[in-house]
Structure formats: structure tokens, C-alpha cells
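Coordinate inspection notes
Each chain, written out:
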Amino acid sequence: MQTLKEKLYDKILAWRPRIKKLLEEYGDVRVDCVTIEKLIGGMRDLQCLVTDISYLDPKAGIRYRGYTLPELFKVLPRPKGAEMPYVEGILYLLLTGDLPTENDVADVLDEMKKRHIVPRYVHDVIDAFPSGSHPMVIFSTAILTLHRESFFAKKYDAGINKLDYWDPTYEDAMNLLAKLPEIASYIYAKVYQGGRKVVSDPNLDVGANFARMMGIDKPYDDVSRMHFILHSDHESGNVSAHTGHLVASTLSDLYLSISAMINGLAGPLHGLANQEVLRWLHEIMDKMGGAIPTEDEMKQFVWDTLNNGQVIPGFGHAVLRVTDPRYMIQREFALKHMADDPIFKYVDMLFRIVPPVLREQGKAKNPWPNVDAHSGVIQWHYGVREYDFYTVLFGIGRAIGICANIVWDRALGYPLERPKSITTDMLEAIAKKASHKKST
Ligand code: CMX
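This section reports on the structure supplied with the text. All figures in this text were calculated on a predicted structure; none of them were measured in a lab.

**Some thoughts on the site of the ligand**
Contacts to the ligand come from 18 residues, most closely from Ile312, Gly314, Phe315, Lys365 and Asn370. Interatomic distance of 2.9 Å between a side-chain N/O atom of Arg44 and an oxygen atom of the ligand. Contact between the ligand and Arg326: an oxygen atom at 3.4 Å from a side-chain N or O atom of the residue. Burial of the ligand by the surrounding chains reaches 69%, relative to a free accessible area of 900 Å².

Take a look at the structure:
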């Protein structure tokens, strides 16, 4: 049987001629058009990045290597007795593009087991943080601290052929991914539990081991598998993926790149939205004194939020135009395991009430719920109640996809990213010329 790395290398060799042909024979073919609106508007929808790891289909949601999430949750191998697939299987799929067999997953489990030990100095750095530090800052720094372990940095200094860049990058990726769950649970224990001892069992899969390290019983192992898989990639243009790619394009090693992507994820418009949902839900719960509102009362809360000039957190999306399948998978899990939790009852009611209200308001292009409308609520139910930590959980998952992207960036020789900027004067001159043409 081929190892993951051997399989990956075969895939890389087969893929390289496709990129070469596109560049040499079709390099000047136009793909998209840059308008002033796109330049000023955060490049929304501008097709200017390439990735084969995932694609966000506005109608079907995220596709990992072409597969929708409902498809993957059906076919991916899962641990005996588990409801959710192995996270290791998603890593295999994102890296190679192939669905893993049980044996392939066993190979990844083995790789993780060999690489999981977190050096003592990382714990020391985490311990040294002053109280009140945000867990994302600690997480980003802990990852950065591991930079001294980078194979890529060492090989690059020694002089390595460009064609081989992917190899030490792969080693760095696997080493980091094997360590992230323990780093995260150590941060959780340190920040919120007075430094409780975290005991890892490398014989377990990522989901089960994370639940163990967090000290939370079943089905939190399945919650972790589900959470990490659902968050693992969301194509290339979102801030965390793009930041990871951009920083890696300078040939910064994987630790520098993933630490940077974590910083992007920490923003309120990105990874922090899931905690906004909980904050908003609790605001409503407080106003209701914990009682379940009637549908009319809930509708009024939604309108009050909108009329205050605020968004309804967890609803809407820049690309999706349907209910996020990541939301639906979590909803199905919640219906099975926590249907009686009052906080789920709120979420369930919002699922029915918010879309028609947003439609009536007529602003949001997509009135349906996204992943963040559900993820924090499930964590809350299983006892992880510290909102600030939710983005760290997101980061563990997202690192899988971004590591896969960076390995492939290196394998396909993607260059330093360097778009050109222009000035407002220049934009105005372009606008003037265009309006002159229109009027003549
Ligand atoms: N509540 C109220 N208004 C909303 C809204 C919501 N949930 N979603 C969009 N709108 C408003 C926008 O604020 C915008 O208003 P203005 O014209 O006054 O600026 C208008 O509708 C058009 O926005 P849009 O094109 O539909 O949405 P964007 O692409 O600009 O923004 C997003 C997308 C996610 C930032 C936005 O829907 C939002 O703020 N949602 C709430 C926060 C949230 O859930 N974020 C998590 C996103 C998950 C992810 O990215 O994966």
C-alpha cells in the first residue's frame, strides 16, 4: 500500500503538466473583469485565486475536492461506533483528492501518532502569558514558537531544489496538525481551568483524543470530529485561507503562515461570528428571563436588532445562496442529541423566523443561516461556555485545509503573490474616461 506521502507525490507529478500547459498555451486568456466596485469593495467575487482543495458552490455549499458535505458524511470512514467520520480522513481527502479507505485512514492515524508530542517550551510559552490574554493570541503565538522545528526553513537555508519545496512543507504540515489539538486544549485548561493537567492519548483519533483532553464525555468526540471537518476549508478567498496562502507565497514556512492565518481568523467579521451568535442569543434569553419566547416575540427581537442597525449574527453569506449545509449537519446532530436544550429551542425558532424577516427587510442577498448560527450553541451545550475559545476550535479545523493548500502551492510552484495597486486619482481618471466614452 502507498503511504499518504507517496500517493501525494504521484498526484503532484500528474498535476504539474496541467498548470504548465495552462500557463504556456493559455496564459493570456481572460478569466474575470476588475471593476471599480470590486476594487473598492474588497474584491468580492473577483475570480483571481486558484485552489483545487475546495470550491464554494453558491447552491450546494462547500465542496471538498468535488464532494458535497452530505456526500462526504455518508461515505467517509468513521471510528467504530462513531456517528461522525474520522478527521484524519478529511486530511487525506484534501491532500490527495481521493476518498480514503480504512487503511489510508490508519496510515494517517499512524503519522499523527508519531508526530503528536508538543515540545515543553510551547507549554512554557503558553504558561507565560499574562492573564486576560485572548486564547487566539496564545494559539497564534504557540504555533509561531514552533517555527524552530521547521524542516522547510532548515532545508531552504541548506539549499533545496524548488521542485522539492512541497516535501519539507508536507512534513511541517503533518507535524503541526498532529500537535494543534493538544496545544488548543492546553490553552483551554490554562486560561479557563486553572492549568488542569491535559492528558493526551495518541492511540485515539483526533476527535476522541480532543474530547479526552478537554475532559468532556461522549458524544463530544463526535462533536469535535464534526466541528473540525465542517470548518476545515472554505476555498481560497476567505481571509484565513488567503492569509495563509499569501504569507506562504513569500516562502515563509508553515508555522509562520498558519500563525498568520489564525490572526486573520480572530477578526469579528470572520471566525468570531460564532461567538456573536451566542452573545445575541443570551441577550434575548436574558430579556425573556430564560423562558421560550412566542414566535411573535422572537420576530420582534429580530426586528429590534435590525432596526438598531445591527446584523442578525449567523445569517447571510457573501457567496452562499442557500442554507449552509454546515448548518444543516449540525442541526441534524442537535435534533438528535440536544432537542430539549432551551438554547437549541431558540436556535430552532430563529431557523424558521429569521429568513422571512430578512427577506421582508430586503437587504441581505442570502437570508439563510450559515455555519456560525449553530456551532457555538453545540459547544455551549457540552460545557464549553467560554465564547473566546470558539475561534480556537475553528482554527484547529481550518488549519487542515490551509496546510493542504500550502503544500499544493509549493508543489505547483505558485509564485510570490503581488497584485498591483493604483491611487484614487488614477481611479477617478479611469472613471472620467469611461463616462466620457459613454456620453459620446
Ligand atoms: N442581518 C442583517 N443584515 C444583513 C445580514 C444579516 N444577517 N446579512 C446581510 N445583511 C445586509 C448587509 O449588512 C448589507 O447591508 P448594507 O447594504 O446596509 O451594507 C446588505 O444586507 C447586503 O449584504 P450581502 O451582500 O447580502 O452580504 P455581504 O456579502 O456584504 O456580507 C456577511 C456577508 C456574512 C458578512 C453578512 O451576511 C453578515 O454580516 N452576516 C451576519 C454575520 C455572520 O453571520 N457572519 C458569518 C459568516 C460565515 C462565513 O463567512 O462563513
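**Points about the nonpolar core**
Ranked by size, the top nonpolar core spans 120 residues in total, and within it Phe139, Ile183, Tyr220 and Ile258 carry the most contacts. In this view, Ile258 contacts Ile143, Leu176, Ala399, Ile402, Cys403 and Ile406; residues no more than four positions away in its chain are not counted.

**Quick look at the pattern of salt bridges**
One pass over the structure, following the stated rule, counts 22 salt bridges. When the shortest N-O distance is used, the salt bridge between Arg225 and Asp205 registers 2.9 Å. Here the residue Arg225 occupies a position in helix 11 (residues 220–230), and Asp205 occupies one in the loop between helix 9 (166–192) and helix 10 (206–214), the gap between them amounting to 20 residues. Across the pair Arg331 and Asp348 runs a salt bridge, and its minimum N-O distance is 2.7 Å. Of this pair, Arg331 sits in helix 16 (residues 325–337) while Asp348 sits in helix 17 (residues 342–361), and the two are 17 residues apart along the sequence. With respect to burial, Arg331 and Asp348 carry one shared label: buried. Residues participating in the shared-partner salt-bridge network are Lys5, Glu111, Lys114, Arg115, Asp167 and Glu171.

**Regarding the sheet that holds strand 2 (residues 61–64)**
Taken in spatial order, the 3 strands of this open sheet run 1-2-3, and their pairing is antiparallel. For this open sheet the edge positions go to strand 1 (54–57) and strand 3 (67–68), each flanked by a neighbour on one side alone. Taken together, the 4 bridges between strand 1 and strand 2 define a ladder with antiparallel strand orientation. Within the sheet, the bridge partner assigned to Ser54 lies in strand 2 and is Tyr64.

Calculation criteria
- Residues numbered from 1 in each chain as written.
- Predicted model: local features only at pLDDT ≥ 70, side-chain atom pairs only at ≥ 80, totals over all residues.
- Heavy atoms only, no water.
- Near = heavy atom within 4 Å.
- Polar contact = N/O pair within 3.5 Å; in protein donor to acceptor, adjacent residues only side chain to side chain.
- Areas by Shrake-Rupley, 256 points an atom, 1.4 Å probe, with all protein chains shown as cover.
- Core = buried A, V, L, I, M, F, W, Y, C linked by side-chain atoms within 4.5 Å.
- Buried < 20%, exposed > 50% of the residue type's maximum accessible area, 1.4 Å probe, protein only.
- Contact = heavy atoms within 4.5 Å.
- Salt bridge = Lys/Arg side-chain N within 4 Å of Asp/Glu carboxyl O.
- Helix = DSSP H or I, 4+ residues; strand = E, 2+ residues; numbered from the N terminus.
- Pairing = 2+ DSSP bridges.

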